[in-house]
Each structure stands twice: as C-alpha cells, then as structure tokens.
Amino acid sequence: MYRVVFSQVLQRLDAEDAHRATVRALAAISRVRPLNRAIHRRLAPHDPALRVSAFGVHFPSPFGLAAGFDKNAVCFEALAAFGFGHVEVGTVTAHAQPGNARPRLFRLPAQRAVINRMGFNNDGAAKVARRLARVRGVPVVVGVNIGKTKVVPESRAVADYVASARALADRADYLVVNVSSPNTPGLRDLQAVERLRPLLTAVREVTESLPRRTPLLVKIAPDLADEDVDAVADLAVELGLDGIIATNTTIRRDGVPSTEAGGLSGRPLKERSLEVLRRLYARVGDRLTLVSVGGVEDVDDVWERLLAGATLVQGYTAMVYEGPLWAARINRALSRRLRLHGHSSIQEVIGKTAPARTGRDA
Ligand SMILES: Cc1cc2nc3c(=O)[nH]c(=O)nc-3n(C[C@H](O)[C@H](O)[C@H](O)COP(=O)(O)O)c2cc1C
C-alpha cells in the first residue's frame, strides 16, 4: 500500500515538502491524545523480550528513530506510537537558524538512499526545551542531539554546545554531541581528539551537574579514518561517556550517481556503518553503549548490528521508502527472530558474533 502511495504521490512531491507534510500529520496525531494512544496500543513495541536497558534508561525496543526527522520535537509522541523504541530529536542548536537554501533534500530511490544538506534548520534550544517539558500522552524515550549554531565562530563552539546542553539536558533521556554532520562548515573538525576533549569535558560538566545525571553520547562520521575512530572511542572511555552513535551521513559517493553536495544516507552507507560498529566493539566492548545507525533497512540489518555489539539500533532513510509501519514491522519480526533462536531477551543477543576483542585490553 505505502509503495503505491510513495510512487504515485509522495515521490512526485519535492522531498522536503513530503517530509514537512509527514511531520505535520504526525504532529497532529500527537496532539489528538486518544488517537495517539490507540495507535500506541496497536503498533508500539509491547513484547517484554524486546526491552533493553542502556545507561540506566529502559527502552521498549532496541530500534529507534535517528536524529534529523523530528528536529524540533513536534511529533515524537506519534513516532513512539508508530513503534520506535526511542526518538532522537534534533539536531538542535543554541540559536534558532533557517539552515541552507532549498532544495537541500534529494531522494535516490534506485539506491534506496537520500542526500541532504539541510544545515541544522531548527527552532533553537529554548523553544525545543519548552516542547520537551510538556506532559506526554504516551511513554517515549527521547534523546536530544545538539550541534553548533552556524554563525557562531569555531573558537566559541564549546560555549555554544554548553548553552544547548544547559537548556536541554534535563529534558532528555540522553544527550548527544553531534560533531559529524557534513553540512555545517568546520563541524567535523571537532572530531579531532584535541578539539573533542575540551568540548566533551565541558558538556559532561553540564550533564553531570544535574540532580539526575543525563547520559552523554557522541555521534561520529563514517568518513573518519580507522585510527581516528579508535582515538574517539578511547577518549569516550577516558572521559566516562555513556556511548557512541555511529554513524552520521557520508560525504563519499561510491557507486552513487549524484553530484549533489551533502550527506549521503541509506543503503550505500550500510557496509561502512557496520564496519565502524565492529571496530568500536572490538575496541571498547561493553565499556560504552554502542548505537548503530546507517543503512538499516530491515530486521536482518537490526539483528546483524545487535550481534556485532550494538545495544541500540537506529534508522531514518529506509522509512522514506518503507512507510509509517516500518518500525512496527521490524519489532514484530525481531520478536519472532528472538524466539526462533531460543532467546528470551534482546540482551542475550548483543555482541554474540563479535570476533575476540583486539583492543587495548583484549
Ligand atoms: C534528511 C536527513 C536529516 C538528517 N539530520 C540529522 C541531524 O540533524 N543530526 C544528526 O545527527 N543526523 C542527522 N541525519 C543523519 C541520521 O541521523 C543518520 O545518522 C543517517 O541518516 C544514517 O542513517 P540512515 O542510513 O538510516 O538514514 C539526517 C539524515 C537525513 C536523511
């Protein structure tokens, strides 16, 4: 059904117009509480075997929605109702900003991919914080992903992230420092350990100072060299971070016939994203929670990431092609897969096919 709607209607709309219409519809559903609750009863994950705990937070399913879909925290309740075990809102910046000029979002259906150069269009930390403070109609785990305001010079980046963290950390089930989007000039340079250390240290001071400390994660790019992935992993362990989200979109274009600038996501990202996950798990094992994202399309992908050491798995691009029932389908298939393999909990699967650890303390 969705395939027909997609090919006959949505695909003919500009990609960003289609996205906006979807977000508006989901925001409307979020506001109609009885409807949202009815959808939640039917589609949200209720199988106890799917529950996972990470950094002190309980997730109803390991599968969640990656950052960038609900940038302004307007429809996360509906997204949870449609089956996502968590929703990562943002990227939010300290100051509201319009993002790059349109067009800035492009579908590549033949490759099951998307290219975006949105540039952190968002309403700013204060407004998003107010939305997150509202009483919720359904239970939902909300991560908040923060980034740098474009007009703030790189020399003031730390203070800018700290301002976002102050506004948002106590409203978040976990906070993510995003240093990996390709669409804010200079942002990814913050992944270099000598720049990342002061940034993460300063944000961590904020998250640790709260009465209920907020778990802190960092989101990295797939384009980092392997040694740099290791260096970020070591730093995250050293600073006592809770986890790493890998990966953001790529600036590579291997086999993708598009010259549009921006970050590529979806199927072409699958292999590298999995490679980075395996590398991270070999390096840090269960000292950090690993969240795998990039090219996840179906239950096989989710299963593979869990086996490779991810505690949580996220997706975004495949939903464009699979439609609103995507998460619910994955949860159902995950329940069946667990039972088929004789497991009673997701937690039993995590890291089961990871090779023997080769990291520093192997
Ligand atoms: C349109 C679009 C906007 C995105 N915006 C953000 C963002 O604001 N912050 C972020 O950390 N990642 C953002 N992402 C990256 C996703 O969170 C995810 O890391 C990436 O798309 C890989 O997953 P996928 O292949 O399942 O889409 C965006 C992705 C897309 C397609």
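Per an unreviewed UniProt entry, the chain carries the name Dihydroorotate dehydrogenase (quinone) and comes from Thermopolyspora flexuosa. As its UniProt record puts it under Function (unreviewed entry), the chain is described as follows: "Catalyzes the conversion of dihydroorotate to orotate with quinone as electron acceptor." For the record of the chain, the UniProt heading Pathway (unreviewed entry) holds the text "Pyrimidine metabolism; UMP biosynthesis via de novo pathway; orotate from (S)-dihydroorotate (quinone route): step 1/1."

Attention now moves to the site of the ligand. Neighbouring residues of the ligand: 28 residues in total, closest A66, G68, T91, S265 and T317. Within the residue set of the shell around the ligand, elements represented by two or more residues are β4 (87-92), β6 (113-116), β11 (263-266) and α11 (317-322). Here the shell around the ligand is built from residues that sort into eleven nonpolar, 15 polar and two charged.

Burial of strand β10 (residues 243-246) is two-sided: the residues G243 and I245 facing one way and the residues I244 and A246 facing the other way are all buried. Inspection of the sheet shows strand β9 (residues 216-220) paired to β10 by four bridges, in the parallel sense. Of the residues in β10, the one forming a bridge with K219 is I245. Note that β10 and strand β12 (residues 289-293) share four bridges and pair parallel. Opposite G243, over in β12, you have T289 as the bridge partner.

A word on the environment of L269. The topology assignment puts L269 in the loop between β11 and α9 (270-284). Between the alpha carbons of L269 and V291 there is a distance of 15 Å; along the sequence they are 22 residues apart. Setting aside residues up to four positions removed in sequence, L269 forms contacts with P222, T250, L264, G294 and G295.

This paragraph deals with the sheet that holds β11. With antiparallel pairing, three strands are arranged side by side in an open sheet as β5-β6-β11. What marks the edges here is a single partner per strand, and that holds for β5 (105-108) and β11. Going across the sheet, the axis of each strand differs from the next one's by a mean of 20°, ignoring polarity. Inspection of the sheet shows β5 paired to β6 by four bridges, in the antiparallel sense. Residue pairing across strands places L105 opposite N116, the latter belonging to β6.

This part is about the nonpolar core. The nonpolar side chains of a soluble globular protein tend to be buried, and buried together. In this structure, L79, L168, L175, V218, I244 and L280 are the most contacted members of the largest nonpolar core, which totals 105 residues. Ignoring any residue separated from it by four or fewer positions in sequence, one finds I244 in contact with L217, V218, I220, A233, A236, L280, L288 and L290.

The next thing to look at is the UniProt feature "active site" (unreviewed entry) in the chain. When the UniProt feature table is mapped to this numbering, "active site" (unreviewed entry) covers S181. In this structure, S181 sits in the loop between β8 (174-178) and α7 (193-209). The contact partners of S181, leaving out residues within four places of it in the chain, are T91, F120, G147, L187, N248 and G263.

The side chains of a regular strand alternate, first on one face of the sheet and then on the other. With five of five residues buried, β8 lies mostly within the body of the structure. The alternating pattern of β8 places Y174, V176 and N178 and L175 and V177 on opposite faces, both of which are buried. Bridge analysis of strand β7 (residues 142-146) against β8 gives four bridges, and the strand direction is parallel. If you follow G143 over to β8, its bridge partner there is Y174. Each parallel crossover has a hand, and the one from β8 via α7 to β9 is right-handed.

Relative placement of two packed helices is described by the angle separating their axes and the distance separating the axes. Between helix α5 (residues 125-133) and helix α6 (residues 157-168), whose axes approach to 9 Å, the crossing angle comes to 20°. Between α5 and α6, the angle falls in the class roughly parallel. As α5 packs across α6, the resulting crossing turns out to be right-handed. Seen from α5, the contacting residues are A125, A126, V128 and A129; seen from α6, they are A163, S164, A167 and L168. Each residue belonging to the contact of α5 with α6 can be placed in one class, and the counts come to seven nonpolar, one polar and no charged.

As annotated by UniProt and renumbered to match this structure, "binding site: substrate" (unreviewed entry) occupies K71, N116, R117, M118, G119, F120, N178, N183, N248 and T249. Among the structural elements, M118 can be located in the loop between β6 and α5. C-beta crowding within 10 Å serves as the criterion here: with 20 such atoms nearby, M118 is assigned to the buried category. Residues contacting M118, with those up to four places away along its chain left out, are G99, N100, R104, L105 and N183. Examined against the element boundaries, G119 turns out to sit in the loop between β6 and α5. Using a count of 21 C-beta atoms within 10 Å as the deciding quantity, one classes G119 as buried. Ignoring sequence-local partners within four residues, the contact set of G119 consists of G99, N100, R104, K150, N183 and T184.

Basis of the calculations
Residues numbered from 1 in each chain as written. Predicted model: local features only at pLDDT ≥ 70, side-chain atom pairs only at ≥ 80, totals over all residues. UniProt positions renumbered as here; feature names shortened; annotations may be inferred. Near = placed C-beta within 6 Å. Helix = DSSP H or I, 4+ residues; strand = E, 2+ residues; numbered from the N terminus. Nonpolar A, V, L, I, M, F, W, Y, C, P; charged D, E, K, R; others polar. Buried ≥ 20, exposed ≤ 12 C-beta atoms within 10 Å, placed from the backbone. Pairing = 2+ DSSP bridges. Contact = placed C-beta atoms within 7 Å. Axes fitted to C-alpha atoms, helices over the stretch in contact; angles between N-to-C directions. Core = buried A, V, L, I, M, F, W, Y, C linked by C-beta atoms within 7 Å. Right-handed = clockwise from strand over helix to strand, strands pointing away. Parallel < 35°, antiparallel > 145°, perpendicular 65-115°, else oblique. Left-handed = near helix turned anticlockwise from the far one by under 90°.

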